[in-house]
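Single-letter residue listing:
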Amino acid sequence: MVTSSSGDEGMLLVLNEDGKLLARKWADQIKPIETTALDFTRDLAAGRWVAARSKMSLQLQEELAPGDLERKWTKISLG
């Protein structure tokens, strides 16, 4: 549970063997796919790699480290 000014919200965290964050997902937070896609690209454009990854499925988050996402986005945006 995460406590914020808007109250308590559930969050799922996936950690690796060293305790580093691999993935995160807010529980009970469902948005339209268009909203999620726009938020994802805004996060990428702003360099918020972990925030962008949080909008991906947990499986994709585990497979794609923030540094990998940064490299791929940089390649696309500079390409």
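Note that the coordinates shown come from a computational prediction; the quantities given were computed from them, not determined experimentally.

Reading guide: rules and limits
Residues numbered from 1 in each chain as written. Predicted model: local features only at pLDDT ≥ 70, side-chain atom pairs only at ≥ 80, totals over all residues. Heavy atoms only, no water. Helix = DSSP H or I, 4+ residues; strand = E, 2+ residues; numbered from the N terminus. Buried < 20%, exposed > 50% of the residue type's maximum accessible area, 1.4 Å probe, protein only. Contact = heavy atoms within 4.5 Å. Areas by Shrake-Rupley, 256 points an atom, 1.4 Å probe, with all protein chains shown as cover. Salt bridge = Lys/Arg side-chain N within 4 Å of Asp/Glu carboxyl O. pLDDT = per-residue confidence, 0-100.

*Asks:* Is there a simple way to explain the overall build of the protein chain in this structure?
*Replies:* In terms of regular secondary structure, the protein chain is built from four helices and four strands. Starting at the N terminus, the α and β elements of the protein chain follow one another as β-β-β-β-α-α-α-α. A burial count over the protein chain gives 22% of its 79 residues as buried. Within the protein chain, contacts between residues separated by at least 24 positions form 30% of all contacts whose residues are at least 6 apart in sequence. Carbon and sulfur atoms make up 56% of the accessible area of the protein chain, which totals about 5800 Å².

*Asks:* Explain the pattern of salt bridges to me, please; I cannot follow it from the model alone.
*Replies:* Should their charged atoms come close, side chains of opposite charge can pair. With the rule as written, the count across this model stands at four salt bridges. Across the pair Arg48 and Asp43 runs a salt bridge, and its minimum N-O distance is 2.8 Å. Accessibility expressed as a relative area gives 43% for Arg48, which makes it partly exposed. A residue is classified by how much of its surface remains accessible, and Asp43, at 6% relative accessible area, is buried. Among the salt bridges present, the one from Lys55 reaches Asp43, with a minimum N-O distance of 2.6 Å. Pair noted here: Lys55 is in the loop between α2 (49-53) and α3 (58-63) and Asp43 is in helix α1 (residues 33-45), with a separation of twelve residues, a long-range link.

*Asks:* Whenever I open this one, the environment of Ser54 confuses me. Can you help?
*Replies:* Mapped onto the elements, Ser54 comes out in the loop between α2 and α3. Considering only alpha carbons, one finds Ser54 and Leu22, 32 residues apart in sequence, at a separation of 9.7 Å.

*Asks:* What am I meant to see in the environment of Trp49 here?
*Replies:* Structurally, Trp49 is set in helix α2. Sequence separation between Trp49 and Gly67 is 18 residues, and the spatial gap between their C-alpha atoms is 7.7 Å. Setting aside residues no more than four positions away along its own chain, Trp49 makes contact with Leu44, Pro66, Leu69, Glu70 and Trp73.

*Asks:* In this structure, what is going on with the confidence of the model for the protein chain? I would like to understand it.
*Replies:* When pLDDT drops low, the exact placement of atoms in the prediction is not to be read closely. Across the protein chain, pLDDT averages 82, with 89% of residues at or above 70. Here strand β4 (residues 21-26) stands out as the least confident element of the protein chain, with mean pLDDT 70; α1 is the most confident, with 89.

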